[in-house]
Amino acid sequence: MTFTGKNVLVTGGSRSIGAEICKVLASYGLKVWINYRSKPEIADALKSEIESQGGKAAVVCFDATDEEGFSNAIKAIIESDGELGYLVNNAGITNDKLAIRMSTQDFMSVIDANLKSAFIGARESLKVMSKQRFGSVVNISSIVGEKGNAGQTNYAASKGGMIAMTKSFAYEGAPRNIRFNCVTPGFIRTDMTEVLKDEIKDMYIKNIPLARFGEAKEVANAVAFLLSDEASYITGEVLKVNGGLYM
C-alpha cells in the first residue's frame with residue numbers, strides 16, 4: 001500500500017488494537033504519533049519496538065476528550081513534521097451494565113470518551129487538513145454500534161453515533177480531498193478476551209461464521225487500507241471486520 005501523507009496520529013495508540021495499528025502503519029513508512037493518557041512506559045516501549053524494526057515513531061500525551069490538549073497535540077505534530085497526514089480515532093472505554101441500572105453519568109462517561117473524543121479529533125484534523133487539501137481519518141467504531149448489545153447501551157450509542165458522524169464529516173471533507181471512514185471490529189483477540197473462560201469463548205465463536213476471534217492485526221490492516229492511496233475513492237464507508245458475525 002502507498003501513502004501520500006507522511007505521518008499519522010493514533011489516539012489510544014499505546015495498547016491493544018491501537019498498538020497494532022501503530023506497528024502496521026509504521027511498517028508502511030509512516031511516522032506514527034502514539035497517543036497515550038497514562039502509563040508512559042507502555043507508549044515508550046512501543047516506540048522503541050517500532051524504531052527497532054526500522055520505523056519512525058513519537059509519543060504524545062493528552063486526554064482525547066480534552067479539546068485544548070487534542071488541539072495542542074496536533075499543533076505540535078505540525079510544528080515537528082510540517083503536516084498531519086492521517087488520524088485514527090481509536091481511544092475509548094466501556095462501562096457495561098443493564099440500562100435500568102445505568103446512571104446518566106455511566107452513560108455520558110462513555111459518550112465523552114468514545115464519541116466526543118472522536119468528534120474533537122475529526123474536527124481539529126479537518127481544520128488543518130483543509131489547508132493541506134489532503135488527509136484521511138479512520139474512526140474505530142464497533143459491531144455493537146451497528147447491531148446493539150444488552151448491557152452496552154452507552155457503548156452502542158457512542159459507536160453508532162460515531163458511524164453517523166463519520167458520514168457527515170465525509171460530506172464536509174470531500175470538497176477538500178479529505179476522507180472519513182469507519183472500521184467496525186467484532187470479537188477481536190485482545191488482553192480482555194484472553195481472560196474469558198473457554199466455554200464463554202466457545203459460545204461466542206459458535207455465532208461467528210469464520211469460527212474464530214479476529215486478530216488485532218486484521219483490524220490494523222483494514223485501517224491501513226482505508227487510509228492509503230488505494231482507498232482514494234472511498235469515503236463515508238463502514239468496513240466490517242467481524243468474521244461474518246454481522247453482515
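Going by the annotation in an unreviewed UniProt entry, the name recorded for the protein chain is 3-oxoacyl-[acyl-carrier-protein] reductase, with Helicobacter equorum given as the source organism. As recorded by UniProt, the Sequence similarities (unreviewed entry) comment attached to the protein chain reads in full: "Belongs to the short-chain dehydrogenases/reductases (SDR) family." Of the protein chain, the UniProt comment under Pathway (unreviewed entry) reads exactly: "Lipid metabolism; fatty acid biosynthesis."

Colleague: When you look at a nonpolar patch on the surface in this model, what are you seeing that I'm missing?
Modeller: A cluster of nonpolar residues, Met 1, Tyr 28 and Phe 225, forms a patch on the protein surface that exposes about 240 Å² of accessible area. Within the fold, Phe 225 resides in helix α9 (residues 216-227). The class of Phe 225 is partly exposed, set by a relative accessible area of 30%.

Colleague: Whenever I open this one, helix α3 (residues 67-81) confuses me. Can you help?
Modeller: An α-helix turns once every 3.6 residues. As a result, residues three or four positions apart point the same way. In this model, α3 (15 residues) spans 21 Å end to end at C-alpha, consistent with the 21 Å of a helix rising 1.5 Å per residue. Taken residue by residue, α3 has Gly 69, Phe 70, Ser 71, Ala 73, Ile 74, Ile 77 and Asp 81 as its buried positions. Structurally, α3 contributes buried residues whose contacts are with β1 (7-10), β2 (31-36), β3 (56-61), β4 (86-89) and α4 (104-132). Directly beyond the C-terminal end of α3, a positive phi value near 85° is found at Gly 82.

Colleague: What's the story with the sheet that holds β2 in this structure? I'm lost.
Modeller: Strand pairing in a sheet relies on backbone hydrogen bonds. The paired strands run either parallel or antiparallel. The strand order across the open sheet formed by 7 strands is β3-β2-β1-β4-β5-β6-β9, and the pairing between neighbours is parallel. Strands at the two margins of the open sheet, each flanked by one partner only, are β3 and β9 (238-241). For this sheet, the mean angle separating the axes of adjacent strands, direction not counted, is 20°. Note: strand β5 (residues 135-140) against strand β6 (residues 178-185), 6 bridges, orientation parallel. Paired with Ile 140 across the bridge in β6 is Val 183.

Rules of the game
Residues numbered from 1 in each chain as written. Predicted model: local features only at pLDDT ≥ 70, side-chain atom pairs only at ≥ 80, totals over all residues. Heavy atoms only, no water. UniProt positions renumbered as here; feature names shortened; annotations may be inferred. Patch = residues over 30% accessible without salt bridge, like charges linked within 9 Å, V, L, I, M, F, W, Y side chains within 5 Å. Areas by Shrake-Rupley, 256 points an atom, 1.4 Å probe, with all protein chains shown as cover. Salt bridge = Lys/Arg side-chain N within 4 Å of Asp/Glu carboxyl O. Helix = DSSP H or I, 4+ residues; strand = E, 2+ residues; numbered from the N terminus. Buried < 20%, exposed > 50% of the residue type's maximum accessible area, 1.4 Å probe, protein only. Expected span 1.5 Å × (residues − 1). Contact = heavy atoms within 4.5 Å. Pairing = 2+ DSSP bridges. Axes fitted to C-alpha atoms, helices over the stretch in contact; angles between N-to-C directions.

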